[in-house]
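Spelled out, the chains give:
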Amino acid sequence: MRSLIDTYFLRGIAVTAEKNMRIYYRKAPVVIFGLLFPLFMFVAFFIGRELEIDLFFPAFLAMTLFFTSSSVGPLITPWEKQARTFERLLSYPLTVGTLILGDMAAGMLFGAGISVLVLLLGVAFVGIGISSVVLFLVALLLGAICFASMGVLLAAPASSSPSNIMMLSSLIRFPLIFISGIFIPLGELEGLRLAVSYASPLTYLVDAMNHAAGGPTSMHVAVDIVVLIVVSAIFLIAATAIQKRSLTKGL
Amino acid sequence: MSNDHLALEASHLTKLFGTLKAVDDVTFSVQRGEIFGFLGPNGAGKTTTIRMLTGLLTPNEGRVIVNGIDLHDHMIKAKMQMGVIPEVGTTYVDLTAEQNLALTGKYYGLSRERIRERTKELLGALGLYERRGDPVRTYSKGMRQRLSFACAIIHEPNVLFLDEPTEGLDVQSRRLLVDMILELNMKGCTIFLTTHNIEEANALCQRVAIINKGRLVALDRPEALRSSFEKTQSLEVSFDPRIATDTLCFGHVSKIETSGDKMILYTDDPHATIKQVVDVAQQEHARILSLRTRGPSLEEAFIMLTDDKRPGCEIVD
Ligand SMILES: Nc1ncnc2c1ncn2[C@@H]1O[C@H](COP(=O)(O)OP(=O)(O)OP(=O)(O)O)[C@@H](O)[C@H]1O
Ligand SMILES: [Mg+2]
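Residues numbered from 1 in each chain as written. Chains lettered and ligands numbered in written order. Predicted model: local features only at pLDDT ≥ 70, side-chain atom pairs only at ≥ 80, totals over all residues. Heavy atoms only, no water.

## Quick look at the overall build of chain A
What counts here: Secondary structure follows DSSP: runs of H or I at least 4 residues long count as helices, runs of E at least 2 residues long count as strands, and numbering of each begins at the N terminus. When a residue's accessible area, from a 1.4 Å probe over protein chains only, is under 20% of the maximum for its type it is buried; when over 50% it is exposed; and in between it is partly exposed. Only heavy atoms enter the contact rule, under which two residues are in contact if any of them lie within 4.5 Å. Computed by Shrake-Rupley with a 1.4 Å probe, the accessible areas treat only the displayed protein chains as cover when residues are assessed. The charged-residue count follows a simple rule in which Lys and Arg add positive charge and Asp and Glu add negative charge, with His and chain termini not counted at all. Positions of charges follow a simple convention, taking NZ of Lys, CZ of Arg, CG of Asp or CD of Glu.
Within chain A, the regular secondary structure consists of 10 helices and 0 strands. Starting at the N terminus and walking to the C terminus, you meet the elements of chain A as α-α-α-α-α-α-α-α-α-α. Taken along its principal axes, the extent of the C-alpha atoms in chain A is 55 × 40 × 35 Å. Within chain A, the fraction of its 251 residues that count as buried is 55%. Taking the contacts inside chain A whose residues are at least 6 apart along the sequence as the reference set, 81% of them involve residues at least 24 apart. Surface summary for chain A: the accessible area is close to 10,400 Å², and the carbon and sulfur share equals 71%. Once the 15 positive and 12 negative side-chain charges of chain A are each reduced to a mean point, those two points are 18 Å apart.

Below, the structure is given as structure tokens:
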């Protein structure tokens, strides 16, 4: 019995992730908010300024990872509810936990994939150097999990309106990039602005990326890692609890 | 007590939405191999019941047992036994028929090989094989419904739930679907379907439960339901010249319908009503052009059962 659940649990996650990748990676909101947006931010903030690109590259990469990973999750559940596919999905042998993790996995793979691509471009054309590949991979994975979980959490209270959830998620995601040490290094902040930065999980990803790339850091890397893990767990648990309550909302 | 012969047991199912009791203490069981119909008007609680039976909604009270497996305690195991066609449930329009079936098959843990076999088999039987590689968004409504059906049975479930499966289909698609349901049933699959089409329930189901405002109001074989509602017998009569409908509101007549120049008088005592009709014709100096008695109709029985009360006689055009 136990093993049956385990098998279907894991299989369910894999199949859910595959489904999401096939269907939702191509949707306009994912492309716009996940790909074009970080690009615009990059162009707006880095091009034509006297910023050293390799100094800011880890932060930019963290921002890309943040945007891409968190752009898939908010779309899935509201889209499925609107397209009337959610009820059928729920009739399959799976649990809410399976769905949440499957949605998270799709966001995580999207974010990690795009970010690795961006990194490779950075290494090839800008000459970005990485001092610790292992740490970089750990940061990438944790960051992708953390913000994909955030994306799933944003969708959890959804009824059947993707546009409402996309709006909500933009409203929450945008402020975060301004308070997370991306454009202004943490070391140059103090007082309230520094305190606010510490409240953003993205700050810890930026810091971890800087550790990996040998850039300016302000915390011990263990702190970054622990915070990302704990925040991911909180996001996932909250998403599951909320999703359970609003499961049939808007069906 | 052994309940091996039962495919589905629902006991004291109750679901509240806020203060609304959408389903109120519903208890019934379905035999293995049976086609069981759940009949009720809009908003009666059919979909809510089916959602509780398939684990989508958690009932406020009561429990569901599928093939001896408690749904609440062993959700995954119980769901493995079931196939579900939701009321408005569609397949993924971005995917092809093949991809939709493969996705469903994988959720049920079928092997690649088995999925291929079943896909060919089902799409062939449902006339979708030629279009298997086209995205579902290019399908007609009937084709989508057939694909939906295929997805629900790819894993050869023991119990199939269908929520108003033939709603909005043309005669041909409807017949194909009904044939598929019957064929599946012949192979031993238990069928639970909801409908508000009495003819369909009558033709298809071995037993029918009637639900109204969340409560079960009757549960029996369609023939038994038919005979137990004698008051749905009727007289079809036409006069020349026509007489005002309300002059016919007497004694046993519970409802009058006019259709064309004919009036249909629902009565639990046709004998007495015929005499009164003749009297009225005499008083009004009208000729009776035609007079015909009709047996009880399940359709009327259904309406009478599900309406709370019907004071006096109702006139319907
Ligand atoms: N999620 C929900 N929240 C609040 N009320 C609901 C919800 N789902 C159903 N209801 C209410 O419960 C009652 C029963 O609804 P249900 O959908 O089960 O009816 P039905 O018999 O399937 O009707 P139909 O023939 O129209 O499909 C209705 O009054 C409906 O408004
Ligand atoms: Mg319904």
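## Focus: a nonpolar patch on the surface
Note the cut-off: Only residues whose relative accessible area exceeds 30% and that form no salt bridge are eligible for patches; like-charged ones are grouped when within 9 Å, while nonpolar side chains (Val, Leu, Ile, Met, Phe, Trp, Tyr) are grouped when within 5 Å. Between Lys or Arg on one side and Asp or Glu on the other, a salt bridge is scored when a side-chain nitrogen of the former is within 4 Å of a carboxyl oxygen of the latter.
A surface patch of nonpolar side chains, amounting to about 660 Å² of accessible area, comprises Val31, Ile32, Leu35, Leu36, Leu39, Phe40, Val43 and Ile47 of chain A. Looking at the element boundaries, valine 31 of chain A is found in helix α2 (residues 28–46).

## Quick look at the domain arrangement of chain B
Put simply, the test is: For the domains described, the bounds stem from an automatic or database domain assignment.
Domain boundaries assigned for chain B yield domain 1 (6–227) and domain 2 (230–316). Distance between the C-alpha centres of domain 1 of chain B and domain 2 of chain B: 39 Å.

## Looking at the sheet that holds strand β5 (residues 69–70) of chain B
All names here are of chain B. What counts, and what does not: Note: two strands are recorded as paired if DSSP finds a minimum of 2 bridges between them. As a rule, the C-alpha atoms of each element are fitted with a line to give its axis, helices using only the stretch in contact, and angles between N-to-C directions run from 0 to 180 degrees.
Ordered in space as β2-β1-β4-β5, the 4 strands form an open sheet in which the pairing is antiparallel. Strand pairing shows two members of the sheet lacking a second neighbour, β2 (20–31) and β5, which therefore form its edges. Relative to β2, strand β1 (residues 6–17) is paired through 8 bridges, and the arrangement is antiparallel. Bridged to leucine 6 within β2 is glutamine 31. Along the sheet, helix α1 (residues 46–53) contacts β1, β2 and β4 (61–66); its crossing angle with β1, the most-contacted strand, is approximately 120°.

## Quick look at the packing of helix α5 (residues 96–126) of chain A against helix α10 (residues 221–245) of chain A
Residues and elements named next belong to chain A. Rules: Between 65 and 115 degrees an angle is taken as roughly perpendicular, under 35 as roughly parallel, over 145 as roughly antiparallel, and anywhere else as oblique. When the near helix sits turned anticlockwise from the far one by under a right angle, the crossing is termed left-handed; a clockwise turn instead gives a right-handed crossing.
Orientation of α5 relative to α10, taken along the N-to-C sense of each, is 130°, at an axis distance of 10 Å. By the criterion of interaxial angle, the relationship of α5 to α10 is oblique. In this structure, the crossing between α5 and α10 has a hand that is right-handed. The residues of α10 that touch α5, namely those facing Val96, Gly97, Ile100, Leu101 and Met104, are Leu236, Ala239, Thr240, Gln243 and Lys244.

## Notes on the sheet that holds strand β13 (residues 262–267) of chain B
Residues and elements named next belong to chain B. Reading across from one edge, β14-β11-β13-β12-β15 is the order of the 5 strands in this open sheet, with mixed pairing throughout. Two strands lie at the open edges of the sheet, namely β14 (287–294) and β15 (314–316), each paired on one side alone. Adjacent strand axes in the sheet meet at a mean angle of 20°, parallel and antiparallel pairs treated alike. As paired elements, strand β12 (residues 253–259) and β15 share 3 bridges and run parallel to each other. By the bridge assignment for β15, lysine 255 is matched with glutamate 314.

## Focus: the pattern of salt bridges
Tallied over the full model, the rule gives 22 salt bridges over all chains. The partner of arginine 207 of chain B in a salt bridge is glutamate 34 of chain B, and the shortest N-O contact between them spans 2.5 Å. With arginine 207 of chain B in strand β9 (residues 207–212) and glutamate 34 of chain B in the loop between β2 and β3 (35–39), this pair connects stretches of sequence that are 173 residues apart. The exposure class assigned to glutamate 34 of chain B is buried, which follows from its relative accessible area of 5%. Residues joined by salt bridges that share partners form a network here, namely Glu18 and Arg22 of chain A together with Lys106 of chain B.

## Things to note about the nonpolar core
Rules: Nine residue types can take part in a nonpolar core, namely buried Ala, Val, Leu, Ile, Met, Phe, Trp, Tyr and Cys, and a core is a set of them joined through side-chain atoms within 4.5 Å.
Counting residues in hydrophobic clusters, the biggest one holds 80 residues, and the most contacted among them are Ile177, Leu205 and Met209 of chain A. Among the elements that line this core, the one with the most residues is helix α6 (residues 133–155) of chain A, at 14 residues. Among residues more than four places away in sequence, those in contact with leucine 205 of chain A are Ala62, Leu65, Ala139, Gly143, Phe147 and Leu228 of chain A. Listed in part, the 41 residues of the second largest apolar core include Ala150, Ala152, Met180 and Ile210 of chain B.

## Overview of the state of the cysteines
Chemically, a disulfide is nothing more than a covalent bond linking the sulfur atoms of two cysteines. Residue and element names in this part refer to chain B. In plain terms, the rule: Any two cysteine sulfur atoms lying within 2.5 Å of each other are counted as a disulfide.
Throughout the structure, instances matching the rule amount to 0 disulfides over all chains. Left unpaired, cysteine 151 is separated from the closest cysteine sulfur, that of cysteine 189, by 15 Å. Here cysteine 189 is not disulfide-linked; the sulfur of cysteine 205 is the nearest cysteine sulfur, at 13 Å.

## Quick look at the site of ligand 1
Residues and elements named next belong to chain B. Quick note on the threshold: It suffices for a single heavy atom of a residue to lie within 4 Å of a molecule or strand for the residue to be listed as near it. Throughout this description, a polar contact denotes any pair of N or O atoms lying within 3.5 Å of each other; where both atoms belong to protein, one of them has to be capable of donating a hydrogen while the other can accept it, and for residues adjacent in sequence the pair is counted only when both atoms sit in side chains.
Close contacts around ligand 1 come from 14 residues, with Gly43, Lys46, Thr47, Thr48 and Glu87 the closest. A distance of 2.6 Å separates an oxygen atom of ligand 1 from a polar side-chain atom of threonine 48. Look at ligand 1: alone it shows 630 Å² of surface, and the protein chains cover 65% of it. Elements with a contribution of two residues or more to the shell around ligand 1: β2 and α1. Tallying contributions element by element places α1 first for the shell around ligand 1, with 3 residues.

## Here's the deal with the environment of leucine 89 of chain A
Examined against the element boundaries, leucine 89 of chain A turns out to sit in helix α4 (residues 86–91). Residue classification places leucine 89 of chain A among the buried residues on the basis of a relative accessible area of 2%. Once the C-alpha coordinates of leucine 89 of chain A and leucine 99 of chain A are considered, the two residues, 10 residues apart in sequence, prove to be 9.2 Å apart. Leaving out residues up to four positions away in the same chain, leucine 89 of chain A has contacts with Lys19, Glu80, Leu94 and Leu99 of chain A together with Tyr92 and Tyr107 of chain B.

## Examining the pairing of β1 of chain B
Residue and element names in this part refer to chain B. Counting the residues between successive antiparallel strands, the hairpin from β1 to β2 contains 2 residues, one of them, glycine 18, with a positive phi of roughly 65°. Of the pairings in the sheet, the one linking β1 to β4 comprises 5 bridges and is antiparallel in character. Directly across from alanine 10, in β4, lies its bridge partner valine 64.

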